[in-house]
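# Reading the structure
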Amino acid sequence: MAAVKITVGNNGSLKVEGEVEIVDASGNPFGLQGRTVIGLCRCGASKNQPFCDGSHRAINFHSEITAFELPPKKV
Ligand code: FES
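Residues numbered from 1 in each chain as written. Predicted model: local features only at pLDDT ≥ 70, side-chain atom pairs only at ≥ 80, totals over all residues. Heavy atoms only, no water.

### A short note on the environment of Thr-66
Looking at the element boundaries, Thr-66 is found in the segment after α1 (55–58). For Thr-66, a relative accessible area of 66% puts it in the exposed group. It is 9.1 Å that separates the C-alpha atoms of Thr-66 and Asn-10, two residues lying 56 residues apart in sequence. (Helix = DSSP H or I, 4+ residues; strand = E, 2+ residues; numbered from the N terminus. Buried < 20%, exposed > 50% of the residue type's maximum accessible area, 1.4 Å probe, protein only.)

### Some details on the pairing of strand β2 (residues 14–17)
Bridging between strand β1 (residues 5–8) and β2 involves four bridges; their strand directions are antiparallel. Paired with Thr-7 across the two strands is Lys-15, which belongs to β2. Hairpin connection, β1 to β2: the antiparallel pair is bridged by five residues, and Asn-11 has positive phi, about 60°. With four bridges joining them, β2 and strand β3 (residues 37–40) adopt antiparallel strand pairing. Opposite Val-16, over in β3, you have Ile-38 as the bridge partner. (Pairing = 2+ DSSP bridges.)

### As for unusual backbone geometry
A cis amide bond, omega 5°, links Gln-49 with the succeeding residue Pro-50. Locating Pro-50 in the fold gives a position in the loop between β3 and α1. Despite not being glycine, Asn-60 has its phi angle at roughly 55°, a positive value. Its place among the elements puts Asn-60 in the segment after α1.

### Things to note about the side chain of Ser-63
Tracing the chain through its elements places Ser-63 in the segment after α1. The exposure class of Ser-63 is buried, given its relative accessible area of 15%.

Structural data, given as structure tokens:
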């Protein structure tokens, strides 16, 4: 298993499991306070970006994703 696992939740967040560092565009790290499970917003409605705050339910966010193969990496 990978050191970090990201689960694309149906109608909700990206669940990130593992030891990760999340930084802003300037490279400043968010203080995760030792959390190894984090939900990242993918609906855009969270008031606590980039983290999920459950707002996806209030906006009835709908996105069900099934895993697929990406095209070959360009060299
Ligand atoms: S995915 Fe949960 S608030 Fe956006």
